[in-house]
Amino acid sequence: MNSSRTSVLPSRTSVLPTLADLRSLTRSPARDLLCGLTVAVVALPLALGFGVSSGLGAAAGLTTAVVAGALAALFGGSARQVSGPTGAMTVVLVPIVHRYGADGVLTVGLLAGVLLIGLAFARAGAAMAYVPAPVIAGFTLGIAAVIALQQVPNALGVPLPHGEQVAAVAARAVEEFTRTPHWPALLLAVCSAAAVVAGARWKPAVPFSLAAVAAATAVAEALHLDVHRIGALPAVLPEPSLGFLDVARVPSLLAPAAAVAALAALESLLSASVADAMRPGERHAPGKELFGQGIANLAAPLFGGVPATGAIARTAVNVRTGAASRLAALAHAVILAGIVAALAPLVGRIPLAALAGVLLGTAVRMVETDAVRAMARATRGDALVLVLTAAATLALDLVRAVLIGLAVSVLLALRAAVRSTRLTPAAADELPGASGTVTYRFDGPLLFAAAHRFRRALAEVHGVTAVELRLSGLTAVDATGALALKEAVQELRGRGVEVRVSGVGPEHRRVLESLGVIPEVPRPNRGAIPSATAAPAS
């Protein structure tokens, strides 16, 4: 009994940091600390910006980067993953903030942490391998569009209009700007975005986002520009508290928490896979990664932080700068805490328009145009999945967008499977000598989607006294397909045609026997019986 349990669920110790993980922290500490500093410089404006975009404020974004970043680095399953607030998570959080308020978001984060730990022990991380590439590309494209739209009010320097649908909110912000233009904010945003995009193409290793924010802040201070700023930030983390938790609201928050947990799992595993691809030969542990993200999301709300995930852009910077172990991601969190402690008043003077520009530039950089173009040209099905996923991300939410993309991908795969099935007469030299007997060969999967087509083709056989159906080319069969075969055989027998089924592989015999397509053969004799007369109609 115990052995079967351990084969289904990972042990508690398998998701905890191992001795090897701890020893790796001392492998190359100087290089890891330098990488951590670089990532912290890149992460600072992003953490501030995503905190503002989520609706909980810049302090919440920084808290998430520090608390969740440190815990996910220590407990996660990828040695180079960097976690914190992300644009994708912000997209999900905005409607939750509107509907349930700040306390609701913190409760959702806490519940999502519990769900992520449950997913880790259920070994749900392996499911990431089954997400098609067009779904991921459409998901990323949709996120980039939503992040860009979210920045429009701050980039234009207008108050945030009320609403949950980002396109409608952005349109109202543009309308407000046309009535009362605020050119300093727009100029700061455009210059910051241009610096991020152009700088990334010129010198990818240089953190132009921080340089753009610093320059925008200096200009705003020197010229005394009337622009909205981040505002006061605490120099230290608040005391952990569960004061936000209202147990009576938990049932109504389970659905948003499930959406947040699903997104955190998807984005974190995707980011870890990107890190693996950048360092061939290394593989993350999916269950351990989900556990680390669960611990991070359990802790962040206690300090006022928003839900976190693995961050692809920051992870990529960490890998490219040569991080050797999880010490780099851990150091990035500690360094961020130090920056805020030392420079909190200065950070509070950063214009919101500058952060909006940085996030606009980040959204542009998220879209890998070559990959999207190649996928759109691959097949019509791939292009359809990509466009539908991106459109659903804009119109609905990220989790439903991924589910729609997966559903359409499954339907297209079934359609391809149906088209790959073949029922063809055997070659002339393979036909038996008896007059009036014909042999047919079936190739491909006999699943529910192809069952009707197969039954119709077999039932149209006329002018013969016997049919041999060779199933050596059968690749898969389900109950619906087996029943379609049985009904076709019964119809032929009703017309006086003898039917023999041959070439049934051992992996398909049980299904056909259980549904009465072929007579059940005693187990010791199965290897000696190559064919069987179809079972009589019942």
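Our subject is the structure listed above.
Owing to the predicted nature of the structure, the values given are computational and were not obtained by experimental measurement.

1. Concerning the overall build of the protein
So, point 1. From N to C terminus, the protein includes 21 helices and seven strands.
So, point 2. Expressed as a percentage of its 538 residues, the buried residues of the protein come to 50%.
So, point 3. For the protein, long-range pairs separated by at least 24 residues make up 81% of all intrachain contacts whose partners lie at least 6 apart in sequence.
So, point 4. When the accessible area of the protein is evaluated, it comes to approximately 24400 Å², of which 65% is carbon and sulfur surface.
So, point 5. Side-chain charges of the protein comprise 42 positive and 30 negative groups, with the mean position of each set lying 3 Å from the other.

2. A closer look at the packing of helix H3 (residues 29–54) against helix H13 (residues 312–320)
So, point 1. The N-to-C vectors of H3 and H13 enclose an angle of 170°; their axes lie 9 Å apart at closest approach. By the criterion of interaxial angle, the relationship of H3 to H13 is roughly antiparallel. Residues Cys35, Thr38, Val39, Val42, Ala43, Leu46 and Phe50 of H3 lie in contact with H13, whose contacting residues are Arg314, Val317 and Asn318.

3. As for the pairing of strand S5 (residues 466–477)
So, point 1. Two strands pair when backbone bridges link them, and strand S4 (residues 437–446) and S5 are joined in this way by nine bridges, in the parallel orientation. Residue pairing across strands places Arg441 opposite Arg470, the latter belonging to S5.
So, point 2. Between the parallel pair S4 and S5, the chain is carried across by helix H19 (residues 448–459), and the sense of this crossover is right-handed.
So, point 3. The sheet contact formed by S5 and strand S6 (residues 498–502) spans five bridges and is parallel. Residue pairing across strands places Arg470 opposite Ser502, the latter belonging to S6.
So, point 4. Read as a crossover between parallel neighbours, the route from S5 over helix H20 (residues 479–494) to S6 is right-handed.

4. Some remarks on empty space enclosed by the protein
Where empty space is left can be seen by rolling a probe of water-molecule size over the atoms.
So, point 1. Summed over the entire model, instances satisfying the criterion amount to one cavity of 30 Å³ or more.
So, point 2. Approximately 60 Å³ is the volume attributed to the largest cavity.
So, point 3. As for the largest cavity, its lining consists of Pro153, Asn154, Gly157, Val158, His182, Ala185, Val227, His228, Leu352 and Ala353.
So, point 4. Residue assignment for the lining of the largest cavity shows that the elements contributing at least two residues are helix H7 (152–156) and helix H15 (352–366).

5. Brief notes about unusual backbone geometry
So, point 1. Of note in this structure, Arg123 is not a glycine but carries a positive phi near 55°.
So, point 2. When you line up the elements, Arg123 lands in the loop between helix H5 (87–121) and helix H6 (133–150).
So, point 3. At His224, a residue that is not glycine, the phi angle is positive and equals roughly 55°.
So, point 4. Take His224: it is sitting in the loop between helix H10 (208–222) and helix H11 (250–278).

6. Some words on a positive patch on the surface
So, point 1. A surface patch of positive charge is lined by Arg415, Arg419, Arg422, Arg453 and Arg456.
So, point 2. At the level of secondary structure, the elements contributing two or more residues to the positive patch comprise helix H18 (398–420) and H19.
So, point 3. Relative to the helices and strands, Arg415 resides in helix H18.

7. Here's the deal with H5
So, point 1. Between its first and last C-alpha, H5 extends only 27 Å over 35 residues, short of the 51 Å set by a 1.5 Å rise per residue.
So, point 2. Its axis deflected by about 120° at Tyr100, H5 carries its strongest bend there.
So, point 3. Phi turns positive, to about 55°, at Arg123, one or two residues after H5.

8. Observations concerning the packing of helix H9 (residues 183–202) against H15
So, point 1. Put simply, H9 and H15 touch, their axes get as near as 7 Å, and they point 35° apart. Remark: the crossing between H9 and H15 carries right-handed chirality. For the pair formed by H9 and H15, the contact residues are Ala185, Leu188, Ala189, Ser192, Ala193, Val196, Val197 and Ala200 on the first element and Ala353, Ala354, Gly357, Val358, Leu360, Gly361, Thr362, Val364 and Arg365 on the second.
So, point 2. Classifying every residue of the contact of H9 with H15 gives 12 nonpolar, four polar and one charged.

9. A word on the environment of Gly109
So, point 1. Inspection of the secondary structure assignment puts Gly109 in helix H5.
So, point 2. Sequence separation between Gly109 and Asn297 is 188 residues, and the spatial gap between their C-alpha atoms is 5.8 Å.

10. A few points about the packing of aromatic side chains
So, point 1. Across all of its chains, the model carries four aromatic pairs by this definition.
So, point 2. Here Phe75 and Phe291 contribute two aromatic rings whose centre-to-centre distance is 6.4 Å and whose plane-to-plane angle is 70°, an arrangement assigned as edge-to-face. One end of the pair, Phe75, is in helix H4 (residues 58–75); the other, Phe291, is in helix H12 (residues 286–299), with 216 residues separating them in the sequence. Exposure class is identical for Phe75 and Phe291. Each is buried.
So, point 3. Judged by centre distance (5.2 Å) and plane angle (85°), the ring pair of Phe177 and Trp183 falls under edge-to-face.

Rules and cut-offs
Residues numbered from 1 in each chain as written. Predicted model: local features only at pLDDT ≥ 70, side-chain atom pairs only at ≥ 80, totals over all residues. Heavy atoms only, no water. Helix = DSSP H or I, 4+ residues; strand = E, 2+ residues; numbered from the N terminus. Buried < 20%, exposed > 50% of the residue type's maximum accessible area, 1.4 Å probe, protein only. Contact = heavy atoms within 4.5 Å. Areas by Shrake-Rupley, 256 points an atom, 1.4 Å probe, with all protein chains shown as cover. Lys, Arg positive; Asp, Glu negative; His and termini not counted. Charge placed at Lys NZ, Arg CZ, Asp CG, Glu CD. Axes fitted to C-alpha atoms, helices over the stretch in contact; angles between N-to-C directions. Parallel < 35°, antiparallel > 145°, perpendicular 65-115°, else oblique. Pairing = 2+ DSSP bridges. Right-handed = clockwise from strand over helix to strand, strands pointing away. 1 Å grid on protein atoms, 1.4 Å probe; cavity = no way out; pocket = protein on both sides within 12 Å on 5 of 7 lines; lining within 4 Å. Points joined across faces, edges and corners; volume = space filled by probe spheres on them. Patch = residues over 30% accessible without salt bridge, like charges linked within 9 Å, V, L, I, M, F, W, Y side chains within 5 Å. Salt bridge = Lys/Arg side-chain N within 4 Å of Asp/Glu carboxyl O. Expected span 1.5 Å × (residues − 1). Bend = angle between axes of the 7 residues up to and from the residue. Left-handed = near helix turned anticlockwise from the far one by under 90°. Nonpolar A, V, L, I, M, F, W, Y, C, P; charged D, E, K, R; others polar. Phe/Tyr/Trp six-rings, centres within 6.5 Å; stacked < 30°, edge-to-face > 60°.

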